[in-house]
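# Inside the fold
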Amino acid sequence: MTQLLIRLFIRHPDNPQDPHTRAAYGNLASIVGMVCNVLLCLGKLAVGTLFGSIAIMADALNNLSDASSNIVSLVGFKLASRAPDAEHPFGHARYEYLAGLVVSVTVLGIGFSLLKESVVKVLHPTAVQFSLLTVAVLVASILVKLWMSSFNRTIGRTIGSETLIATAADSRNDVFSTVAILIGMGITWLTSYNLDGWMGLIVALLIVVGGVQLIMETSNPLLGVAPTEELVQGIYQKILSYDGVLGLHDLNVHNYGPGRCFASVHCEVPAEQDILVSHDIIDNIERDFLRDMNIHLVIHLDPVVTDDERTTKLKQQVEQILNGLSDQISMHDFRVVWGTTHTNVIFDVCVPFGFQWSDTELI
């Protein structure tokens, strides 16, 4: 079903990182989710009202919140696909993150509202009627939500969307809450002990917990997170594959939203190499990164002396000293100013966050 929908509604499905194709994937996921959630909400509202179940009503409102989240996601993908302009030269892709944050806050708010209603139901329970129609609606909901979880996860991974991956996780959590309601109904039917309020309470708590998790996940990209180890290693390996590049350091990756990645790095080249040759290599690397990885890369050129025996020997001695201190630190930009009375040795040392020594102690 997932692949059929993709083939029917995505014009160029094999190019998911293209902004227009990415928006098409996001629109498809949002519209499909909206339709499914509205239908589930209507079905549960009908049986919940008919048979007086607060737990099923809570589950229905959860589906309604999911539908509203799909609408916000749809608007987010639409805005995120807009081209860069004078006021937003890095594009509008972060709208997708903002949409995810709005969705998360909405889910959390509905969760607290349902929590309040469920507590009232626990303190003042009312009779709940058991029916096969209710069971059929809940079982159908479980099956639909299982498919929606798989659907959103597939598209989310295809276009690298944290919002859709979070939506897939939310659909999976909905399955757990609906199963809890079914179990509660079964126990109530067998023992006559009314668990409806308690099941509503469980559903509400699951929604609140899911809302908190979604807020944390969608806030991280807005705050700025470190690039993945896979991306960093891919950048290092690709740059070092070019002849004339001796090493690199000071890599910085900036994410302005899905498909809008900017990076800067310092590349070490032989000092004795013609500057025009080195510049040509750097230009080629920058163009190749934009074409192959859709990364806007800016490279700073660092000349490294490789044909001076005294400098090379001194560099090896300094590296040995640093390796003896810790295997977590590294060195770059090593240069020596030789003089008649004294010599200046200059280099930078990189330390990880949370390093055991302060900068003063290390120096």
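For the structure given in this document, a descriptive report is provided here. (Residues numbered from 1 in each chain as written. Predicted model: local features only at pLDDT ≥ 70, side-chain atom pairs only at ≥ 80, totals over all residues. Heavy atoms only, no water.)

### What about helix 2 (residues 19-51)?
To keep it simple, the criterion reads: Elements are defined by DSSP. Helices are runs of H or I of four residues or more, strands are runs of E of two residues or more, and each kind is numbered from the N terminus. By definition here, a helix of n residues has an expected span of 1.5 Å times n minus one.
For helix 2, which comprises 33 residues, the first-to-last C-alpha distance of 47 Å matches the rise-based estimate of 48 Å (1.5 Å per residue) to within 8%. Downstream of helix 2 by a residue or two, Gly-52 has a phi angle that is positive, lying close to 70°.

### Re the sheet that holds strand 1 (residues 247-255)
For the record, the criterion: When DSSP finds two or more bridges between a pair of strands, those strands are recorded as paired. Fitting a line to C-alpha atoms yields each axis, with helices limited to the stretch in contact; the angle taken between N-to-C directions then spans 0 to 180 degrees. Between two residues, a contact is recorded if the distance between any of their heavy atoms is within 4.5 Å.
Taken together, the 3 strands give an open sheet; going across it, the order is 1-2-3, and neighbouring strands pair in mixed fashion. Edge positions in the open sheet fall to strand 1 and strand 3 (295-304), since each of these has one partner strand only. Averaged over all neighbouring strand pairs, the angle between strand axes comes to 15°, with direction disregarded. Relative to strand 3, strand 2 (residues 261-270) runs parallel, the two being bridged by 10 bridges. Residue Ala-263 lies in a different strand from strand 3, and its bridge partner there is Leu-297. Most of the contacts of helix 9 (residues 275-293) go to strand 3, to which it runs at about 155°, and overall it touches strand 2 and strand 3.

### Remarks on the nonpolar core
Under the convention used in this document: Working definition of a nonpolar core: buried Ala, Val, Leu, Ile, Met, Phe, Trp, Tyr and Cys residues. They are joined through side-chain atoms within 4.5 Å. Any residue under 20% of the maximum accessible area for its type is buried, any over 50% is exposed, and the rest in between are partly exposed; the area is computed with a 1.4 Å probe on protein chains only.
Counting residues in each nonpolar core, the largest one holds 20 residues, and the members touching the most others are Ile-56 and Ile-181. Broken down by secondary-structure element, the contributors of at least two residues to this core are helix 2, helix 3 (54-80), helix 4 (95-123), helix 5 (132-159), helix 6 (162-191) and helix 7 (196-223). If we skip the residues at most four places from it in the chain, Ile-56 touches Lys-44, Val-47, Gly-48, Thr-134, Leu-138, Ile-181 and Met-185.

### Let's talk about the pairing of strand 2
As a reminder of what qualifies: Orient the strands so they point away from the viewer, and a crossover whose first-strand-to-second-strand path over the helix runs clockwise is right-handed.
In terms of residue burial, strand 2 counts as a mostly covered element, since 8 of its 10 residues are buried. Bridge count for strand 1 against strand 2 is 7 bridges, and the pairing is antiparallel. The residue bridging Val-253 from the neighbouring strand is Ala-263, located in strand 2. In this fold, strand 2 hands off to helix 9, which returns the chain to strand 3; that crossover is right-handed.

### Focus on the packing of aromatic side chains
How we decide: Whether two aromatic rings pair depends on their centres lying within 6.5 Å, for rings of Phe, Tyr and Trp, where Trp uses its six-membered ring; planes under 30 degrees apart make the pair stacked, over 60 edge-to-face, and the rest tilted.
The full count for this structure, using the stated rule, is 6 aromatic pairs. Their ring planes at 80° and their centres at 5.0 Å tell us that Phe-90 and Phe-262 sit as a pair that is edge-to-face. Here Phe-90, found in the loop between helix 3 and helix 4, pairs with Phe-262, found in strand 2; they are 172 residues apart in sequence, far enough to count as distant. When the ring of Tyr-256 is compared with that of Phe-262, the centres are 5.4 Å apart and the planes differ by 90°; the resulting orientation is edge-to-face. Here a set of aromatic residues connected by ring pairs shows up, and it is made of Phe-90, Tyr-256 and Phe-262.

### Some thoughts on the layout of surface pockets
Going by this rule: Any residue with an atom within 4 Å of a point lines the site, the site being either a cavity, points on a 1 Å grid over the protein atoms alone where a 1.4 Å probe fits but cannot get out, or a pocket, an open set with protein on both sides within 12 Å along at least 5 of 7 lines. Grid points are joined across faces, edges and corners, and a volume is the space filled by probe spheres set on the points. Basically, the charged four are Asp, Glu, Lys and Arg, the nonpolar ten are Ala, Val, Leu, Ile, Met, Phe, Trp, Tyr, Cys and Pro, and anything else, Gly included, counts as polar.
Looking at the largest pocket, its volume works out to about 890 Å³. Every residue lining the largest pocket is counted, 30 residues in all, and those nearest its centre are Tyr-97, Gly-160, Thr-228, Leu-231 and Asn-255. Of all the secondary structure elements, the ones that give two or more residues to the lining of the largest pocket are helix 5, helix 6, helix 7, strand 1 and helix 9. For the lining of the largest pocket, the per-class residue count stands at 13 nonpolar, 10 polar and 7 charged. Taken as a whole, the second largest pocket encloses approximately 630 Å³ of empty space. Forming the walls of the second largest pocket are 17 residues, and the residues nearest its centre are Tyr-236, Leu-251, Asn-252, Val-351 and Phe-353.

### Overview of unusual backbone geometry
In the Ramachandran plot, Asp-250 falls in the positive-phi region, its phi being about 55° despite a non-glycine side chain. Within the fold, Asp-250 resides in strand 1. For Asp-250, a relative accessible area of 31% translates into the label partly exposed. A positive phi angle, close to 55°, is found at Asp-333, a residue other than glycine. Among the structural elements, Asp-333 can be located in strand 4 (residues 330-337).

### A short note on the side chain of His-249
Stated formally: Two N or O atoms form a polar contact when they lie within 3.5 Å of each other; inside protein one atom must be a possible hydrogen donor and the other a possible acceptor, and for residues adjacent in sequence the pair counts only when both atoms belong to side chains.
You can see His-249 is positioned in strand 1. Residue classification places His-249 among the buried residues on the basis of a relative accessible area of 5%. A polar side-chain atom of His-249 sits 3.0 Å from a polar atom in the side chain of Asp-302. A distance of 3.3 Å separates a polar atom in the side chain of His-249 from a polar atom in the side chain of Asp-333. Filtering out sequence-adjacent residues up to four positions away, His-249 remains in contact with Tyr-236, Val-265, His-266, Glu-268, Asp-302, His-332 and Asp-333.

### Quick look at empty space enclosed by the protein
A full pass over the atoms with the stated rule returns 3 cavities of 30 Å³ or more. In this structure, the largest cavity occupies an estimated 140 Å³ of space. Along its surface, the largest cavity is lined by 18 residues, and Ser-69, Val-103, Thr-167, Asp-170 and Leu-214 are the ones closest to its centre. At the level of secondary structure, the elements contributing two or more residues to the lining of the largest cavity comprise helix 3, helix 4, helix 5, helix 6 and helix 7. Broken down by element, the lining of the largest cavity gets its largest block of residues, 5 residues, from helix 6. In this structure, the second largest cavity encloses a volume near 50 Å³. The wall of the second largest cavity is formed by Asn-62, Val-107, Asp-170, Asn-173, Asp-174, Ser-177, Leu-206 and Ile-207. When contributions to the lining of the second largest cavity are tallied by element, the ones reaching two or more residues are helix 6 and helix 7. At 4 residues, helix 6 tops the list of elements feeding residues into the lining of the second largest cavity. Grouping the amino acids of the lining of the second largest cavity by side-chain chemistry returns 3 nonpolar, 3 polar and 2 charged.

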